[in-house]
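Report on the structure
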Amino acid sequence: MIRDTIKVFVIFTMCTVLFYVGLQIMHREYEEIHRYDPPEGPAVKVFYSQTKLLERFQLFFKAGE
């Protein structure tokens, strides 16, 4: 009985350590990715508006959103 308990404990500990090491490896891999690099090529700015605030509100209510 004690031997089986120790065996389960050792297997559980090994799986936990393996899982933790896997998470650390994934974290290091994704940490090196630069998510916010400046765009390359013919990129267009997402929000560019020369309208005034009142005109924007009128458009917002006119569209019914």
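For the structure, see preceding data.
Residues numbered from 1 in each chain as written. Predicted model: local features only at pLDDT ≥ 70, side-chain atom pairs only at ≥ 80, totals over all residues. Heavy atoms only, no water.

**Description of the overall build of the protein chain**
Put simply, the rule is: Numbering of helices and strands starts at the N terminus; helices are DSSP runs of H or I of at least 4 residues and strands are runs of E of at least 2. Exposure is judged per residue with a 1.4 Å probe applied to protein chains only, and the accessible area is read against the type maximum: over 50% gives exposed, under 20% gives buried, and values in between give partly exposed. Values of accessible area rely on a 1.4 Å probe in the Shrake-Rupley scheme; residue burial ignores everything except the protein chains shown.
Helices and strands together make up the secondary structure of the protein chain, namely two helices and zero strands. Within the span of the protein chain, comprising 65 residues, buried residues form 0% of the whole. Counting only carbon and sulfur atoms, one obtains 67% of the accessible surface of the protein chain, whose full area is about 7300 Å².

**Brief notes about helix H2 (residues 53–63)**
The periodicity of an α-helix, 3.6 residues per turn, causes residues three or four positions apart to be oriented the same way. Little of H2 sits inside the fold, with zero of its 11 residues counted as buried. Among the residues trailing H2, Gly64 stands out with phi positive, at a value near 75°.

**Observations regarding the packing of aromatic side chains**
The condition that has to hold: Only Phe, Tyr and Trp rings are paired, with Trp represented by its six-membered ring, and only when their centres lie within 6.5 Å; those with planes under 30 degrees apart are stacked, over 60 edge-to-face, the remainder tilted.
Evaluation of the coordinates by the stated rule reveals two aromatic pairs. Taking the centre distance of 6.4 Å and the plane angle of 20° together, the rings of Phe57 and Phe61 count as stacked. Taken as a pair, Phe57 and Phe61 lie in helix H2 at a separation of four residues, close to a single helical turn. Note on Phe57: relative accessible area 45%, which makes it partly exposed. With a centroid separation of 5.4 Å and 75° between ring planes, the pair formed by Phe60 and Phe61 is classed as edge-to-face. We classify Phe60 as partly exposed; its relative accessible area is 40%. Look at Phe61 and you get exposed, because its relative accessible area is 60%.

**Side note on a nonpolar patch on the surface**
Our working definition: Patch membership requires more than 30% relative accessible area and the absence of a salt bridge. Residues of like charge join within 9 Å; the nonpolar side chains Val, Leu, Ile, Met, Phe, Trp and Tyr join within 5 Å. The rule for a salt bridge is simple: a side-chain nitrogen of Lys or Arg has to be within 4 Å of a carboxyl oxygen of Asp or Glu.
Nonpolar side chains collect at one region of the surface, where Ile2, Ile6, Phe9, Val10 and Met14 lie side by side and expose about 550 Å² of accessible area between them. Along the chain, the position of Ile2 falls in helix H1 (residues 2–31).

Keep in mind these values describe shape, not function.
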